[in-house]
Amino acid sequence: MTTNADGPQPRSRRRTPAGAAVLREDVTEAIRAAVFEELAAVGYARMSIEGIARRAGVGKTAVYRRWRSKLHLVLDVVSALAVQGLPVPDTGTLEGDLQVLFEVTSRLLRHPVASQIIPDLQAEAARSPEIAEAMQKALRDGQESVALKVVAAAERRGEVRRGLDDELALDLISGPLYWRSVVIRTRKLPKGYLHALAHATAEAIKAL
């Protein structure tokens with residue numbers, strides 16, 4: 001209660017913030033999913049806030065409340081890939097861990113959505129330093145975190161020498177599949193390729 005010249009007055013109740021102050025997480029996730037679908041369907045250059053909103057089943061205002069432009073929306077979504085990461089294998093051997101990692105990475109890179117989005121954004125990265133930085137972070141950091149943990153586990157088991165060149169090990173692990181799936185865009189890997197690649201990569205890392 002408050003008091004004034006007219007006597008006790010009821011305390012005014014604070015109003016709950018309306019729509020613009022509360023961003024529903026389910027709407028945010030729907031928009032993020034729509035970005036991937038829209039990128040795969042029309043590419044970055046033709047992608048629009050209107051198209052994203054329509055695909056997410058929301059109004060344009062819902063998108064602009066969260067991101068101020070198409071560029072910032074895409075940068076946010078692509079950067080989020082880096083923190084999601086890949087599962088860290090634990091088979092007990094370097095070769096086994098690499099084969100699991102290669103199998104998961106191969107499926108991700110050859111997924112219809114990823115196979116459309118990554119080359120398109122790589123092309124846009126040549127014109128946009130912001131997209132280039134976000135792509136590097138998404139593609140490198142996510143893979144680097146897992147790959148270096150695989151190498152560190154091999155060091156603890158005594159499979160590889162301690163203090164080897166991490167950067168070179170990362171190149172050996174990440175390069176071949178990226179080349180196959182993104183650069184020359186091989187749709188179907190040869191039978192036994194991932195097993196052979198895991199064996200060759202493990203032997204190369206042991207030789208570092």
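Structural data are supplied above this passage.
Reference entry: report on the structure contained in this document. On a predicted model such as this, the values are computed, not experimentally measured, just so you know. Residue indices follow the written sequence of each chain, beginning from 1 at its first position. Totals for whole chains, interfaces and linings use every residue, but because this is a predicted model, local features are given only for residues with pLDDT of at least 70 and side-chain atom pairs only at 80 or more, for both listing and counting. Excluded from the side-chain calculations are hydrogens and water; all other atoms, namely the structure's heavy atoms, are used.

Helix and strand counts for the protein chain stand at nine helices and two strands. Going from the N terminus to the C terminus, the protein chain shows its helices and strands as β-β-α-α-α-α-α-α-α-α-α. Each residue is placed in one exposure class: buried if its accessible area under a 1.4 Å probe, protein chains only, is under 20% of its type's maximum, exposed if it is over 50%, and partly exposed if it falls in between. Out of the 208 residues belonging to the protein chain, those deemed buried represent 37%. Across the protein chain, every contact between residues at least 6 apart in sequence was considered, and the portion connecting residues at least 24 apart equals 64%. Only DSSP runs of H or I with at least four residues qualify as helices, and only runs of E with at least two residues qualify as strands; both kinds are numbered from the N terminus onward. Between two residues, a contact is recorded if the distance between any of their heavy atoms is within 4.5 Å.

What follows covers the pattern of salt bridges. It is possible for side chains bearing opposite charge to pair when their charged atoms get close. The salt bridge definition used is simple: a Lys or Arg side-chain nitrogen within 4 Å of an Asp or Glu carboxyl oxygen. Summed over all chains, the structure comprises nine salt bridges. Residues Glu29 and Arg32 are paired through a salt bridge, measuring 2.8 Å at the closest nitrogen-oxygen approach. Placement of both Glu29 and Arg32 in helix α1 (residues 25–46) is noted, with a separation of three residues, approximately one turn of the helix. Look at Arg32 and you get partly exposed, because its relative accessible area is 23%. Of the charged contacts in the structure, one is a salt bridge between Glu38 and Arg55, with a shortest N-O distance of 2.7 Å. Taken together, the positions of Glu38 in helix α1 and Arg55 in helix α2 (residues 49–56) put the pair 17 residues apart, joining distant regions of the chain.

As for its position among the elements, His72 is in helix α4 (residues 70–84). In the structure, His72 is positioned 58 residues away from Glu130 in sequence and 9.1 Å away in space, judged by C-alpha atoms. Pairing of N or O atoms within 3.5 Å defines a polar contact, subject to two protein rules: one partner must be a possible hydrogen donor and the other a possible acceptor, and residues neighboring in sequence count only if both atoms are side-chain atoms. Among the polar contacts made by the side chain of His72, one reaches the side chain of Arg68 at a distance of 2.9 Å.

The next point concerns the packing of helix α8 (residues 166–183) against helix α9 (residues 193–206). Orientation is described by axes fitted as lines to C-alpha atoms, over the contacting stretch for helices, and by angles from 0 to 180 degrees between their N-to-C directions. Following both chains from N to C, one finds α8 and α9 inclined at 155°, their axes separated by 9 Å at the closest point. Overall, the two elements α8 and α9 adopt an arrangement that is roughly antiparallel. Regarding α8 and α9, the two cross each other, and that crossing is right-handed. The segment α8 lies against α9, with Ala169, Leu172, Ile173, Pro176, Leu177 and Arg180 engaging Tyr193, Leu194, Leu197, Thr201, Ala204 and Ile205. Here the nonpolar group is Ala, Val, Leu, Ile, Met, Phe, Trp, Tyr, Cys and Pro; Asp, Glu, Lys and Arg are the charged ones; every other residue, Gly included, is treated as polar. Here the contact of α8 with α9 is composed, by residue class, of ten nonpolar, one polar and one charged. Note on angle classes: values under 35 degrees are labelled roughly parallel, values over 145 roughly antiparallel, values of 65 to 115 roughly perpendicular, and the remainder oblique. Helix crossings fall into two classes, left-handed where the near helix is turned counterclockwise from the far one by less than a right angle and right-handed where it is turned clockwise.

For the rest of this paragraph, the subject is the environment of Leu73. As for its position among the elements, Leu73 is in helix α4. Taking the relative accessible area as the measure of exposure, Leu73 reaches 0% and is therefore buried. As for Leu73 and Val63, which are separated by ten residues in sequence, their C-alpha atoms are 8.6 Å apart. Ignoring sequence-local partners within four residues, the contact set of Leu73 consists of Ile31, Val35, Ile49, Ile52, Val63 and Trp67.

Turning our eyes to something else, we now look at the packing of aromatic side chains. The description of an aromatic ring pair rests on the distance of the ring centres and on the angle between the ring planes. In summary, the pairing rule links any two rings of Phe, Tyr or Trp, Trp by its six-membered ring, whose centres are within 6.5 Å, and it sorts them by plane angle into stacked for under 30 degrees, edge-to-face for over 60 and tilted for everything else. Taken as a whole, this structure holds zero aromatic pairs when the rule is applied. Criterion for a charge above a ring: Lys NZ or Arg CZ within 6 Å of the ring centre, and within 35 degrees of the ring normal. Lying across the ring of Tyr44, Lys70 places its NZ or CZ 4.4 Å from the centre. A cation sits over an aromatic face here: Arg180 above Tyr193, 4.6 Å from the ring centre.

In this section: the nonpolar core. Residues belong to a common nonpolar core when they are buried Ala, Val, Leu, Ile, Met, Phe, Trp, Tyr or Cys residues joined through side-chain atoms within 4.5 Å. Of all hydrophobic cores here, the largest spans 50 residues; its most connected members are Leu73 and Leu98. At eight residues, the largest contribution of residues to this core is made by helix α7 (residues 129–157).

Attention shifts here to the side chain of Thr201. Within the secondary structure layout, Thr201 lies in helix α9. For Thr201, a relative accessible area of 4% gives the class buried. At a separation of 2.7 Å, a polar atom in the side chain of Thr201 contacts the main-chain carbonyl oxygen of Leu197. For Thr201, the contacting residues outside a window of four places in its chain are Leu98, Phe102, Leu172 and Ile173.

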